[in-house]
Amino acid sequence: MSRGNDEASAMWRSVRRVLLAGICLLFLALFLLWRIDNPRVESLRMALMDRLLPSFEFTISPVTTLTRIISEYETLDRVYEQNRELRRELQRMKGWREAALQLEEKNARLRALNNVRLSPRIGFITGEVLADSGSPFRQSALLNIGRIDGVADGSAAVDGLGLVGRVSGVGERTARIILLTDINSRVPAVVQPSGQRALITGNNTSAPLLEFVEDVEDVRPGDRIVTSGDGGIFPADLLVGTVALDRAGRLRARLAADYGSLEFIRVLRQTPTEAIPGTGELIGPPAPPGLRPQAGAGRDETAEAAE
Amino acid sequence: MSARAPSPLQMLLFAAIAVAVILVQLLPLQLRAEHMVHPDLLLALAAAWAVRQPENLPLLLVAPILLLADLIQDRPVGLWALISLLLLEGMSAQREALRNRPFPFEWAAFTALLALGLIGQSVVLALALVERPAGGITVQLFATTAAVYPVVALVLHYVLRVRAPKPAERSRRLGRVA
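Residues numbered from 1 in each chain as written. Chains lettered and ligands numbered in written order. Predicted model: local features only at pLDDT ≥ 70, side-chain atom pairs only at ≥ 80, totals over all residues.

Draft legend 1. Inspection of the overall build of chain A at higher detail. A tally of helices and strands in chain A yields four helices and twelve strands. Taking all 307 residues of chain A together, the buried fraction comes to 27%. A separation of at least 24 residues holds for 55% of the contacts in chain A among residues at least 6 apart in sequence. (Helix = DSSP H or I, 4+ residues; strand = E, 2+ residues; numbered from the N terminus. Buried ≥ 20, exposed ≤ 12 C-beta atoms within 10 Å, placed from the backbone. Contact = placed C-beta atoms within 7 Å.)

Draft legend 2. Expanded view of the overall build of chain B. If you tally the helices and strands in chain B, you get eight helices and zero strands. Ordered by position from the N terminus, the helices and strands of chain B form the series α-α-α-α-α-α-α-α. Residues counted as buried form 35% of the 178 residues belonging to chain B.

Draft legend 3. The nonpolar core, seen in detail. V164 and I177 of chain A together with L45, A46, A47 and A48 of chain B are the most contacted members of the largest nonpolar core, which totals 93 residues. It is helix α2 (residues 41-52) of chain B that provides the largest number of residues to this core, a total of eleven residues. Counting contributing residues per domain, this core is built from domain 1 (17-74) and domain 2 (122-271) of chain A, each supplying no fewer than three. (Core = buried A, V, L, I, M, F, W, Y, C linked by C-beta atoms within 7 Å. Domains from an automatic or database assignment.)

Draft legend 4. How the structure looks around the confidence of the model for chain B. Residues and elements named next belong to chain B. Summing up the model confidence of chain B, the mean pLDDT is 83 and the portion of residues at 70 or higher is 84%. Mean pLDDT across the elements of chain B ranges from a minimum in helix α8 (residues 167-177), with 52, to a maximum in helix α4 (residues 79-93), with 92. For this predicted complex, the interface score ipTM comes out at 0.83, alongside a pTM of 0.67. (pLDDT = per-residue confidence, 0-100.)

Draft legend 5. Focus on unusual backbone geometry. Positive phi values are uncommon outside glycine, yet D237 of chain A reaches one of about 65 degrees. With 12 C-beta atoms counted inside 10 Å, the residue D237 of chain A sits in the exposed group. One non-glycine residue, L129 of chain B, lies in positive phi territory at about 60 degrees. Residue placement: L129 of chain B occurs in the loop between α6 (103-127) and α7 (135-159). For L129 of chain B, a count of 8 C-beta atoms within 10 Å translates into the label exposed.

Draft legend 6. Here's a closer look at α6 of chain B. Residue and element names in this part refer to chain B. Helix length check: α6 (25 residues) gives 36 Å between terminal C-alpha atoms against 36 Å at 1.5 Å per residue, within 8%. When α6 is considered as a whole, its buried residues turn out to be E106, F110, L113, L114 and G117. Phi turns positive, to about 60 degrees, at L129, one or two residues after α6. (Expected span 1.5 Å × (residues − 1).)

Draft legend 7. Just the UniProt feature "transmembrane region" (unreviewed entry) in chain B, in detail. Here the UniProt-annotated "transmembrane region" (unreviewed entry) positions come out as residues 57-87, 107-129 and 141-160 of chain B. Measuring from the first to the last C-alpha atom of residues 141-160 of chain B gives 25 Å, for a span that is 95% helix and 0% strand. (UniProt positions renumbered as here; feature names shortened; annotations may be inferred.)

Draft legend 8. Molecular detail of the sheet that holds strand β1 (residues 123-132) of chain A. Residues and elements named next belong to chain A. One closed barrel holds the six strands; their spatial order is β1-β2-β5-β4-β3-β12, and the pairing between them is antiparallel. In this sheet, adjacent strand axes meet at a mean angle of 45 degrees when their direction is disregarded. Sheet topology places strand β3 (residues 156-158) next to strand β12 (residues 264-269); two bridges connect them, and they run antiparallel. Paired with V158 across the two strands is R266, which belongs to β12. Against the sheet, helix α2 (residues 38-74) engages β1, β2 (140-143), β4 (163-170) and β5 (175-179), with an angle of about 80 degrees to β1. (Pairing = 2+ DSSP bridges. Axes fitted to C-alpha atoms, helices over the stretch in contact; angles between N-to-C directions.)

Draft legend 9. Representation of the confidence of the model for chain A in the model. With 89% of its residues at a pLDDT of 70 or more, chain A has an overall mean of 82. Here residues 295-307 of chain A is a poorly scored stretch, pLDDT under 50, and it has nine contacts once near neighbours within four places are set aside; other chains count.

Draft legend 10. Layout of the interface of chain A and chain B. On the side of chain B, 36 residues touch chain A, which itself brings 47 residues to the contact. Listed by contribution, the elements that provide at least two residues to the side of chain A that touches chain B are α1 (2-36), α2, β1 and β2 of chain A. With 14 residues, α1 of chain A is the largest single contributor of residues to the side of chain A that touches chain B.

Draft legend 11. Structural detail: α2 of chain A. Relative to the 54 Å expected for 37 residues at 1.5 Å per residue, α2 of chain A spans just 43 Å between its end C-alpha atoms, considerably shorter than the ideal helical length. By the burial criterion, the buried members of α2 of chain A are M46, M49, D50 and L53 of chain A. Next to the buried residues of α2 of chain A lie β1, β2, β4 and β5 of chain A together with α3 (59-72) of chain B.

Draft legend 12. Region of interest: the packing of α3 of chain B against α4 of chain B. All names here are of chain B. Here α3 crosses α4 at 145 degrees, and the two axes come no closer than 8 Å. In the crossing of α3 with α4, the sense of the turn from one axis to the other is right-handed. Residue-level contacts link V62, A63, L66, L67 and D70 of α3 to W80, A81, S84, L85 and L88 of α4. Tallied by class, residues from the contact of α3 with α4 come to eight nonpolar, one polar and one charged. (Left-handed = near helix turned anticlockwise from the far one by under 90°. Nonpolar A, V, L, I, M, F, W, Y, C, P; charged D, E, K, R; others polar.)

Draft legend 13. Just the packing of helix α1 (residues 8-26) of chain B against α3 of chain B, in detail. Residue and element names in this part refer to chain B. Packing of α1 against α3 leaves a shortest axis separation of 11 Å and a crossing angle of 5 degrees. Classed by the angle they form, the pair α1 and α3 counts as roughly parallel. Along the contact surface, α1 presents M11, A15, A18, I22 and L26, while α3 presents L61, I65, L68, A69 and I72. (Parallel < 35°, antiparallel > 145°, perpendicular 65-115°, else oblique.)

Draft legend 14. Structural detail: the pairing of strand β10 (residues 239-245) of chain A. Residues and elements named next belong to chain A. The sheet contact formed by strand β9 (residues 224-227) and β10 spans three bridges and is antiparallel. The residue of β10 that forms the bridge with I225 is G241. Note that β10 and strand β11 (residues 251-255) share five bridges and pair antiparallel. Bridge pairing in β11 links G241 to L255. Once β10 ends, the chain turns through five residues before running back antiparallel as β11, passing G249 with a positive phi of about 85 degrees.

Quick look at the structure:
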């Protein structure tokens, strides 16, 4: 009997070895496929998250809320001094609010005088952060809004204050946001008073690098950074943050968005600007009435003259 | 019998803990880039389990879980799952030797295999021209995962009672076979 058992276990062991080799090959093939045909595998990944996460939402949200409550309870003992600080700040803000209201009024008056037509308003849709990437190597967040809510790949994502990142991967009910701090994130931007163009390059730290600045002399710490709208993916003039210098003397962006407490993220729904096809036609002087047949000839003459 | 009979209950326990670990790491508690690097808890758990009760860690259970973790945690698909699987095989192949020695030997074996695995991952990613983050995070991941291994082993032993067969049990078994 022990002999039979031995044979059976030897057979089982060889079957297991074949299985192990098969799984290893499968994993290797998957990795190669991921490397070669990245979009397809990523969309598969997105579909999986789309299927999986909403069903776990009821477990994820209470735990998240609980942990937040605990961490906020720790700051409860500082509530008194925080309150005083906030009151002082509120006082100062009231002054600013007054100034802003007056400016807004003045602005509206001037606009009315100028008959300015602003670009169409950008709509947005707000989603709740379901999950982060779960890995120290990637900086991304998963929202509970997706294609059925009108989220499109590549849209800008902002919190109340500044740019957070970009939609990369949309499922039916979920969407992944690549944060500005992710190593794959590149956003064209303008440094405000000087108008210098730059690229905000994420590098897994909370302050992304500012690269390809033409005149570093013109950029000073504290300058405002806004998106430039180059490339047509982001709308222009979204606040990103302010310029800071790190110890090595490199320019970095101190982000305006509060990454410490990202709970709700807005995804902008931008209608693409209309393209103007071709150039306009030449407009000649109005033809006198009764000379309709010659009008075409006249236009030809002007065309020749223009040439 | 070459080993204890596998127990479906223990397999279920492993699967449940593994899924819970994956989900906990997904919680959006810290979206800042510079928070502490989480240890790869799933790997430490599976490795400790593979030394103690490999019969309750069948390939067809652990491989899909590793792949799932890869897919969910936004890593290159399949690579870390492959390395983890090889590491688990390495641990379980030496289990007899490790069980007969004090725990630090087991810890050292895990740490060495983990270092090999992380180096292997970096090399493959470099060969495949995948953009890699600065080495600091990998080193931190190595340190935290190595540090968490004894804790996982303690929890497995005292809380979940996932233990290797006792020496007496084994010698009796050996006697019967011989």
